[in-house]
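# Notes for the structure review
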Amino acid sequence: MEETWMIVNSLAARLDSHFDRSDEQRWTVQALKLQEEAGEVAEAVIGALGANPRKGYSHDWDDVRKETCDVALSALVMLVRMGGDPRRFFDDHLRSVAAGGTGGAGPA
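Calculation rules
Within each chain, residue numbers correspond to sequence positions counted from 1 in written order. Only residues with pLDDT of 70 or above have their local features reported here, since the model is predicted, and side-chain atom pairs are shown and tallied only from 80 upward, although totals for entire chains, interfaces and linings are computed over all residues. Remark: hydrogens and water are excluded; side-chain values derive from all non-hydrogen atoms of the structure. For the purposes of this entry, the term helix denotes a DSSP run of H or I that reaches at least four residues, the term strand denotes a run of E that reaches at least two, and both are numbered from the N terminus. The contact criterion used is simple: two residues touch if any of their non-hydrogen atoms lie within 4.5 Å. Multiplying 1.5 Å by the helix residue count minus one yields the expected span of that helix. Type-normalised accessible area, obtained with a 1.4 Å probe on protein chains alone, sets the label of each residue: buried when under 20%, exposed when over 50%, and partly exposed for intermediate values. For the purposes of these results, a polar contact is taken to be a pair of N or O atoms within 3.5 Å, where, inside protein, one atom must be able to donate a hydrogen and its partner to accept one; residues adjacent in sequence count only when each atom of the pair is a side-chain atom. Throughout, the protein atoms alone are placed on a 1 Å grid, and a set of points is a cavity if a 1.4 Å probe fits but cannot get out or a pocket if it is open with protein on both sides within 12 Å along at least five of seven lines; lining residues have an atom within 4 Å of a point. Grid points are joined across faces, edges and corners, and a volume is the space filled by probe spheres set on the points. The classification used treats Ala, Val, Leu, Ile, Met, Phe, Trp, Tyr, Cys and Pro as nonpolar, Asp, Glu, Lys and Arg as charged, and all other residues, Gly among them, as polar. Note on terminology: a nonpolar core comprises buried Ala, Val, Leu, Ile, Met, Phe, Trp, Tyr and Cys residues joined through side-chain atoms within 4.5 Å.

### Re the side chain of Glu 37
- By secondary structure assignment, the location of Glu 37 is in helix α2 (residues 23-49).
- Setting aside its immediate chain neighbours within four residues, Glu 37 contacts Glu 67, Asp 70, Val 71 and Ser 74.

### Examining helix α3 (residues 61-81)
- Under the 1.5 Å per step criterion, the end-to-end length of α3 is 30 Å for 21 residues, consistent within 8% with the ideal 30 Å.
- Of the residues making up α3, those classed as buried are Val 64, Glu 67, Ser 74, Leu 76, Val 77, Met 78, Val 80 and Arg 81.
- Summarising the contacts, the buried residues of α3 are in contact with α1 (2-17), α2 and α4 (86-98).
- At the N-terminal end of α3, a side-chain oxygen is found 3.0 Å from the backbone nitrogen of Asp 62, two or three residues along, and the residue is Asp 60.

### Considering the environment of Met 1
- Counting through the fold element by element, Met 1 comes out in the segment before α1.
- For Met 1 and Ala 48, which are 47 residues apart along the polypeptide, the C-alpha to C-alpha distance reads 30 Å.

### Observations regarding the layout of surface pockets
- Each pocket or cavity is described by its volume, and for the largest pocket that value is around 150 Å³.
- Lining the largest pocket, in full, are Leu 11, Arg 14, Leu 15, Gln 30, Lys 33, Glu 37, Leu 73, Ser 74 and Val 77.
- When residues of the lining of the largest pocket are traced back to their parent elements, those giving at least two are α1, α2 and α3.
- Residues of the lining of the largest pocket, tallied by class, amount to four nonpolar, two polar and three charged.

### With respect to the nonpolar core
- Counting six residues, the largest nonpolar core is built from Trp 5, Val 8, Ala 12, Leu 76, Val 77 and Val 80.
- Only α1 and α3 provide two or more residues apiece to this core.
- Setting aside residues no more than four positions away along its own chain, Val 8 makes contact with Leu 73, Leu 76, Val 77 and Val 80.

Laid out in structure tokens, this is it:
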């Protein structure tokens, strides 16, 4: 897990170095990126099911997995870009959800 956070921190730093805006603008753009990635999961699921008659079976379930990883990565990068101690915040939230806490919707 240590390597994961090192990579996430590196990606966040790289993004911040290319986007010289206020904190709120950087966070907003990252939230939009997160939503974009979630849309790509939906597109991949539709493609894996062949539910779009124009495109047919345009994706497979590995594509869905990859897009889901992009969502998770975008969310972790957003946590890092928002500052503080993102790893502690995530770990605390994860434990709260696992314990049945009300810290958000949690997993479906």
